[in-house]
Every structure is written in C-alpha cells, then in structure tokens.
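A structural walkthrough
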Amino acid sequence: MILTERSFKQRSKVVLSRLNFTQVFCIAILTCLIWFQLPYTEANLMDRYGLIFFTTSFWGFFPSLNTISAFPLDFNVLRKERQSRSYRLLAYFLSKQIAELPLIIIFPIYYTLIVYWVTGLVPSASSFFAYMATSILATLTSQSFGYLIGATFMDIQAATVANAVIMLGSLVLGGFYAQNLPFGLSWLKYLSFMFYCYSITMEIQFNSPYAKFQCSNISQTNEYSQCLYPPNGSSDGYIQGIAVLEHLKLNVLPWYANLLILIGLSFIIRSLAYFSLKRNSSKR
C-alpha cells in the first residue's frame, strides 16, 4: 500500500500533466475536424476505415511512449531500497501496475467522449461503450510493451528506438496498410496486437444493424457483391456492414477470440517485463 501510494503520487505528476491532456485534446479536435459526421455511403467507407484504424494505432502507440521511462527513472532508487531489503521486487512491480492503471485509462475515455459522436460512428450506446473498452484494452496492451521495453533496456534512448521499431511493425501489420501480405507471410499479422484491436473495433462498427452504406452508383461494377447481388436477387442499393468485414477479412476470428488474445497478451508481456526487471536488478 505504501509503495502504491508513493508510485501514484510520483507518476500522476508525469502522466496527468497538462501537456499530455493538451496533446490528447488537440488530437481529438483534429480527428473531429477531419472525420466530422461521416455519412453512411460507399464513397466514405475508406474514411471510416481510416478513422477506426487511426484510433487503434494512436492508443497502440501513445501509452508505450509514456511508459518506457517508468523503470529506468526509478532504477537507482529501487536498487538502493532493495539493497537495504526494504521490500521485495514483486511488491514494487505490482504497486507500479496498480498505481498507473487508473492514470493511463483516463486518456482513452477522455478521447472517446470527444470523438465518438462527433465523427458519426454507429449511434448505439452499446457500440459506444464497447468502442471505449477496446481503446482502453489497446492502451493497456501498449503500456505492457512499454514496461517490457523499458525493463529490458534500462536506457531511455535505446528503449525509445526499440519501441519505435516494434510499434511501427505492429502498425504496418495491423490490417489497414497491408491487407494482402505476400505468399507465406500472411501469418505475420497475428504477431501484431494492433490487428486484434482493429478487428474488434471494425466488428463493433460494421456488425451492427446501423451499418448500412448507400451505394455510390449501383449500375457500376462494385467490389462488394452484396450490394449488386444480394441474397434475394435484387439490389436494394445498400452495402451491409457484414459484407465489408468479409471483404477485408477481418472476421477470421470472432470478437471474443480477439478479446481473449489481447487480454492474455497483456498479462504475458507484463510477466516478461517483471522477469526482465528481475534479471537487470540481479545483474546490477
């Protein structure tokens, strides 16, 4: 309890800084301006993909940057207190997790409250809360990678470089930029945690009765077969959201499988961060 209280006081000044709130607010306003009230039409489908993936990548990248410095900055104090046998390493590590959890989830909630309704995402309360929960889960997974990278390198500059490589790799394989990977490399997307976040958020937005998109011109060739050739044999001029998911191959895994993978990945990465911190602590 003492370690948690101290860690909360120390990190709250850094995480909940005016600069971080200003940064998130500016990004949220910019998002609202670019994707303001997206219409439910075929012509705006790519814009909708872009909005959803931008949110995924932002909460997949931003939290790790705020976390990679947590262990390196604390290490000298940790070493002295551990030498005096004040507490176990596990107590310090768990107190860090507990103290920073409420701090880090404030930002995705703050961002979603501003952006969701202004950009014209699915007008459903359940979809709104599911979208927010997915953003929080992406944040926690990104934070886990920040812990692991910081605990492994114990050098902020080296950790920043490693974090950029890992996060950019996950970004490229997230399912938006590269949808059809070269032969034999399609399995790489399953190494990207952003792929699972993107799949969940896309399913939230497109597997919904509200997800009906008016065709631009149904007399022209259209890549979504359900628009031109629906099951009943006559086109109603709308693309169903489920057809979009099938076309983008984002419904390969059900939403609950993606969810369980993200939760499991977060726990595994945090466990690896603890053992990495323990190794560095013993070595030094």
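This structure is a prediction, so every number in the text was calculated from the model and none was measured.

Structurally, the α-helix is built with 3.6 residues per turn, so residues lying three or four positions apart point the same way. For helix α7 (residues 125–153), with 29 residues, the first-to-last C-alpha span of 42 Å sits near the 42 Å given by 1.5 Å per residue. Here α7 lies mainly inside the structure; 22 of its 29 residues are buried. Looking one or two residues past α7, M154 carries a phi angle of roughly 50°, positive in sign.

Inspection of the entire model under this criterion finds 32 aromatic pairs. Ring plane angle 15° and centroid distance 5.6 Å describe the contact between Y40 and F213, whose orientation is recorded as stacked. Of this pair, Y40 sits in the loop between α2 (18–34) and α3 (45–67) while F213 sits in strand β1 (residues 212–214), placing them 173 residues apart in sequence. The buried category is assigned to F213, whose relative accessible area is 1%. Ring centres 5.7 Å apart and planes at 85° place the aromatic pair Y190 and F195 in the edge-to-face group.

Attention now moves to the UniProt feature "transmembrane region" (unreviewed entry) in the protein. The sites that carry the UniProt feature "transmembrane region" (unreviewed entry) are, in the present numbering, residues 21–38, 58–78, 99–122, 128–149, 161–178 and 255–277. Annotated as residues 99–122, this span is 83% helix and 0% strand, and its ends, taken at the C-alpha atoms, are 34 Å apart.

Our focus in this paragraph is the UniProt feature "domain: ABC-2 type transporter transmembrane" (unreviewed entry) in the protein. Cross-referencing UniProt, the feature "domain: ABC-2 type transporter transmembrane" (unreviewed entry) maps to residues 2–206 in the present numbering. In residues 2–206, the share of helix is 77% and the share of strand is 0%. The end C-alpha atoms are 46 Å apart.

Another point: the packing of α7 against helix α9 (residues 193–206). Running from N to C, α7 and α9 cross one another at 175°; their axes reach a closest spacing of 10 Å. The pairing of α7 with α9 is recorded here as roughly antiparallel in orientation. The residues of α9 that touch α7, namely those facing S127, A130, Y131, T134, A138, T141, S142 and F145, are F193, C197, I200, T201, I204 and Q205. Residues belonging to the contact of α7 with α9 are distributed by class as follows: 8 nonpolar, 6 polar and no charged.

This part takes up the environment of V122. By the secondary structure assignment, V122 is in the loop between α6 (106–119) and α7. The spacing of V122 and S84 is 38 residues in sequence and 56 Å in space, taken between C-alpha atoms. The residues contacting V122, other than those within four sequence positions of it, are Y40, Y116, W117, S127, Q205, S208 and Y210.

Before going further, it helps to examine helix α4 (residues 70–83). Here α4 is 14 residues long and its end C-alpha atoms lie 20 Å apart, about the 20 Å a rise of 1.5 Å per residue gives. Its axis deflected by about 45° at N76, α4 carries its strongest bend there. If you check which residues of α4 are buried, you get A70, F71, P72, D74, F75, L78 and E81. Looking one or two residues beyond α4, the residue adopting positive phi is R85, at roughly 55°.

Our next topic: the side chain of N280. Within the fold, N280 resides in helix α12 (residues 255–283). Within the structure, the side chain of N280 is placed 3.3 Å from the backbone oxygen of T152, a separation counted as a polar contact. N280 has contacts with F75, A151, T152 and M154, leaving out every residue within four places of it along the chain.

A word on the nonpolar core. Formed by 70 residues in total, the largest nonpolar core has its most connected members in Y49, W59, F71, Y198, M202, F206 and L277. It is α7 that contributes the most residues to this core, 11 residues altogether. Residues within four places of F206 in sequence aside, it is in contact with L45, R48, Y49, I52, A211, F213, G241, I242, V244 and L245.

With that out of the way, let us pick up the state of the cysteines. What the rule picks out here adds up to 0 disulfides. In this structure C26 is a free cysteine whose sulfur lies 12 Å from that of C32, the closest cysteine sulfur available. Among the residues examined, C32 registers a relative accessible area of 8% and is labelled buried.

What follows covers the environment of Q143. Summarising the element assignment, Q143 is placed in helix α7. On the basis of relative accessibility, which here comes to 1%, the residue Q143 falls in the buried class. On a C-alpha basis, the gap between Q143 and F61 in space is 8.8 Å, while along the polypeptide they are 82 residues apart. Beyond its immediate stretch of four places on either side in the chain, Q143 contacts P63, T67, E100, I104 and R270.

What counts, and at which threshold
Residues numbered from 1 in each chain as written. Predicted model: local features only at pLDDT ≥ 70, side-chain atom pairs only at ≥ 80, totals over all residues. Heavy atoms only, no water. Helix = DSSP H or I, 4+ residues; strand = E, 2+ residues; numbered from the N terminus. Expected span 1.5 Å × (residues − 1). Buried < 20%, exposed > 50% of the residue type's maximum accessible area, 1.4 Å probe, protein only. Phe/Tyr/Trp six-rings, centres within 6.5 Å; stacked < 30°, edge-to-face > 60°. UniProt positions renumbered as here; feature names shortened; annotations may be inferred. Axes fitted to C-alpha atoms, helices over the stretch in contact; angles between N-to-C directions. Parallel < 35°, antiparallel > 145°, perpendicular 65-115°, else oblique. Contact = heavy atoms within 4.5 Å. Nonpolar A, V, L, I, M, F, W, Y, C, P; charged D, E, K, R; others polar. Bend = angle between axes of the 7 residues up to and from the residue. Polar contact = N/O pair within 3.5 Å; in protein donor to acceptor, adjacent residues only side chain to side chain. Core = buried A, V, L, I, M, F, W, Y, C linked by side-chain atoms within 4.5 Å. Disulfide = S-S within 2.5 Å.

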